[in-house]
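# Observations on the three-dimensional arrangement
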Amino acid sequence: MKYLNRACELACGMKRRKERKAGVHLAAAVKLMKMGMPLAATVFLQPYRKHDAAVGCWYAYCYYALYKEGSAEPGYSAAERWNYLKAARQYMEELGQLRPGGLQRLVRGANSNRTRGLPSRSG
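Residues numbered from 1 in each chain as written. Predicted model: local features only at pLDDT ≥ 70, side-chain atom pairs only at ≥ 80, totals over all residues. Heavy atoms only, no water.

### Quick word on the packing of helix H2 (residues 22–34) against helix H3 (residues 38–45)
Put simply, the rule reads: Every angle, taken between N-to-C directions, lies between 0 and 180 degrees, and every axis is a line fitted to C-alpha atoms, over only the stretch in contact when it is a helix. Elements are defined by DSSP. Helices are runs of H or I of four residues or more, strands are runs of E of two residues or more, and each kind is numbered from the N terminus. For classification purposes, an angle smaller than 35 degrees is called roughly parallel, one larger than 145 roughly antiparallel, one from 65 to 115 roughly perpendicular, and anything else oblique. Note on contacts: a residue pair is in contact if any heavy atoms of the two residues lie within 4.5 Å. Any residue outside Ala, Val, Leu, Ile, Met, Phe, Trp, Tyr, Cys, Pro, Asp, Glu, Lys and Arg is labelled polar, Gly included; the first ten of those are nonpolar and the last four are charged.
H3 packs onto H2 with a crossing angle of 170° between their chain directions and a minimal axis gap of 8 Å. As judged from the angle between their axes, H2 and H3 are roughly antiparallel. Residues His25, Leu26, Ala28, Ala29, Leu32 and Met33 of H2 touch H3, and the partners they reach there are Pro38, Ala40, Ala41, Phe44 and Leu45. Taken together, the residues of the contact of H2 with H3 break down into ten nonpolar, one polar and no charged.

Below you can see the structure in the form of structure tokens.
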């Protein structure tokens, strides 16, 4: 986990706009989810879960995966399986009440720099 935190810091330092860390953090979270480390992914998703509906769903899914599949990562407790399920439900209900600004606002923002300056297909 220390290695991944350091890699994120370096990647954010290499970006032109250093205040935009969301893309790097979301990419790290997706990688951790694919590696089967949902508990570690929640650390990167937590600051953005209320701003983007897709990220909020990913965050809730991480807790659902902890309930359904378990994990071997540090900090996971098999005795709290039901608590992970309750947390996933709570986060989805909270997301429904918050009504974040836009679906995939942060996720799409990470890719928007690549499409800048390209002509539209309609024209």
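Now that the structure has been shown, we can carry on.
### Considering the packing of aromatic side chains
Stated formally: Only rings of Phe, Tyr and Trp enter the pairing, Trp through its six-membered ring, and a pair is recorded when the two centres are within 6.5 Å. The plane angle decides the type: under 30 degrees is stacked, over 60 is edge-to-face, the rest tilted. A ring is considered to have a charge above it if a Lys NZ or an Arg CZ atom is located within 6 Å of its centre and within 35 degrees of its normal.
Counted according to the given criterion, the structure contains seven aromatic pairs. One aromatic cluster is present, formed by Tyr59, Tyr63, Tyr76, Tyr84 and Tyr91 through successive ring pairs. Looking at arginine 81, its charged tip hangs above the ring of tyrosine 67, at a distance of 5.2 Å from the centre.

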